[in-house]
Amino acid sequence: MQSFRIYLTAALTSCMLHILAMPGAAFAQPQIIQLPSSSDIILTTEENAPIQAAAVSASDETERPEIIGDYKAGKWNGNTYINRWADYQITLPENCQKESIASSSLRSHYDFLALIPKVGVNVRISYDDLKDKTLDLSITEEEFGEILMQEQGFDSEISDFETATYGGRDYTHFTITHQDQLIQSFYLRRVSHYMMVISFTHAVVSELHAEDILNTLTYADDLR
């Protein structure tokens with residue numbers, strides 16, 4: 001879980017830099033564990049079509065192929081990220097900055113980390129291998145979420161678990177609020193022998209929230 005905490009901290013730090021530039025934003029920064037080195041991150045910027053709502057609803061009865069095997073990365077098509085192995089695609093707003101993060105071990109993989117600079121929102125999608133000896137293949141989404149919660153400080157407020165449905169699939173969702181200023185939203189789902197983690201970091205007063213982007217989730221286009 002160490003690599004997971006490192007890159008989660010990277011997203012949190014990037015968002016904090018945007019919030020600290022806002023008037024009156026004088027508060028203590030959450031503890032920083034470690035940031036990835038510059039050699040781990042490749043930054044590209046694209047300006048494409050605006051964000052669009054997904055066409056697939058929770059009531060879609062199309063039977064999907066079972067997701068099996070080891071992690072395979074997806075690719076960008078403009079501002080839409082498509083991962084055919086995980087059978088999903090998601091569209092980010094225009095002017096987003098997309099970073100490709102090199103996996104630090106065989107236990108963790110990362111689709112992308114993206115920053116929406118105008119509103120200071122970070123989006124990240126990653127996978128933790130449940131075959132790792134420190135985890136249990138039978139672990140549930142809630143149990144995995146409880147591990148993430150244990151890493152938080154005393155000044156953090158943690159929500160209860162709830163089920164959220166996007167793109168025809170259910171996710172286990174919870175949020176962590178830091179010092180009433182910064183929100184981290186987590187959406188967890190089992191994918192093969194991995195735990196897929198979609199995470200958002202943004203200010204409480206942000207104009208863009210997780211739901212605005214999650215509403216674009218749908219199945220991978222080549223599997224329709």
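Described in the following lines is the structure provided in the data block. What you see is a predicted model, and the numbers here were worked out from it, not measured in a lab.

### A few points about the pairing of strand β10 (residues 169–178)
Two faces, one strand: in a regular strand the side chains alternate between the faces of the sheet.
And then number 1: For β10, a buried count of nine out of 10 residues is recorded, marking the element as mostly surrounded by other parts of the structure.
And then number 2: In this sheet, β10 lies alongside strand β8 (residues 156–158) in antiparallel orientation, the contact comprising three bridges. Paired with serine 156 across the strands is histidine 178, a residue of β10.
And then number 3: What sits between strand β9 (residues 162–166) and β10 in their antiparallel hairpin is a turn of two residues, with glycine 167 showing a positive phi close to 60°.
And then number 4: Here β10 runs beside strand β11 (residues 182–191); their pairing, made up of seven bridges, is antiparallel. Within β11, the residue paired with histidine 173 across the bridge is tyrosine 187.
And then number 5: From the end of β10 to the start of β11, which pair antiparallel, there are three residues, and glutamine 179 there has a positive phi angle of about 55°.

### Points about the pattern of salt bridges
And then number 1: For the coordinates displayed, the defined rule picks out two salt bridges.
And then number 2: Note that arginine 64 is salt-bridged to aspartate 87, the shortest N-O span being 3.0 Å. Taken together, the positions of arginine 64 in the loop between β1 (41–45) and β2 (75–77) and aspartate 87 in the loop between β3 (80–83) and β4 (88–91) put the pair 23 residues apart, joining distant regions of the chain.
And then number 3: In this structure, the salt-bridge partner of arginine 169 is aspartate 87, at a minimum N-O distance of 2.8 Å. Linking arginine 169 in strand β10 with aspartate 87 in the loop between β3 and β4, this pair joins segments that are 82 residues apart in sequence.
And then number 4: With relative accessibility at 14%, the residue arginine 169 sits in the buried group.
And then number 5: Counted as one network, the salt bridges with shared partners bring together Arg64, Asp87 and Arg169.

### Overview of helix α2 (residues 141–149)
And then number 1: For α2, every residue scored as buried is listed here: Phe144, Gly145, Leu148 and Met149. Viewed along the axis of α2, the buried residues span an arc of 150°, placing them on a single side of the element.

### Let's talk about the environment of aspartate 212
And then number 1: Mapped onto the fold, aspartate 212 is located in helix α3 (residues 210–214).
And then number 2: Along the chain, aspartate 212 and leucine 92 lie 120 residues apart, while their C-alpha atoms are 9.3 Å from each other.

### Focus: the nonpolar core
And then number 1: Core analysis: the biggest nonpolar cluster contains 30 residues, and Tyr88, Phe112, Tyr127, Tyr187 and Ile198 have the highest contact counts within it.
And then number 2: When contributions to this core are tallied by element, the ones reaching two or more residues are β4, β6 (108–116), β7 (121–129), β9, β11, β12 (194–203) and α3.
And then number 3: Ignoring sequence-local partners within four residues, the contact set of phenylalanine 112 consists of Trp76, Tyr81, Tyr88, Ile90, Leu92, Glu99, Val123, Arg124 and Ile125.
And then number 4: Grouped together as the second largest cluster of nonpolar side chains are 12 residues, Leu135, Ile139, Phe174 and Met195 included.

### As for the sheet that holds β4
Strand pairs in the sheet, formed through backbone hydrogen bonds, run parallel or antiparallel to each other.
And then number 1: Pairing is antiparallel across the open sheet formed by three strands, whose spatial order is β2-β3-β4. The sheet is open, and its two edges are formed by β2 and β4, each paired on a single side. Taken over all neighbouring pairs, the strand axes of this sheet differ in orientation by 25° on average, direction set aside.
And then number 2: Where β3 lies against β4, four bridges are found, and the strand directions are antiparallel. Along β4, the bridge assignment pairs tyrosine 81 with isoleucine 90.

Rules behind the numbers
Residues numbered from 1 in each chain as written. Predicted model: local features only at pLDDT ≥ 70, side-chain atom pairs only at ≥ 80, totals over all residues. Heavy atoms only, no water. Buried < 20%, exposed > 50% of the residue type's maximum accessible area, 1.4 Å probe, protein only. Helix = DSSP H or I, 4+ residues; strand = E, 2+ residues; numbered from the N terminus. Pairing = 2+ DSSP bridges. Salt bridge = Lys/Arg side-chain N within 4 Å of Asp/Glu carboxyl O. Arc of directions from axis to C-beta. Core = buried A, V, L, I, M, F, W, Y, C linked by side-chain atoms within 4.5 Å. Contact = heavy atoms within 4.5 Å. Axes fitted to C-alpha atoms, helices over the stretch in contact; angles between N-to-C directions.

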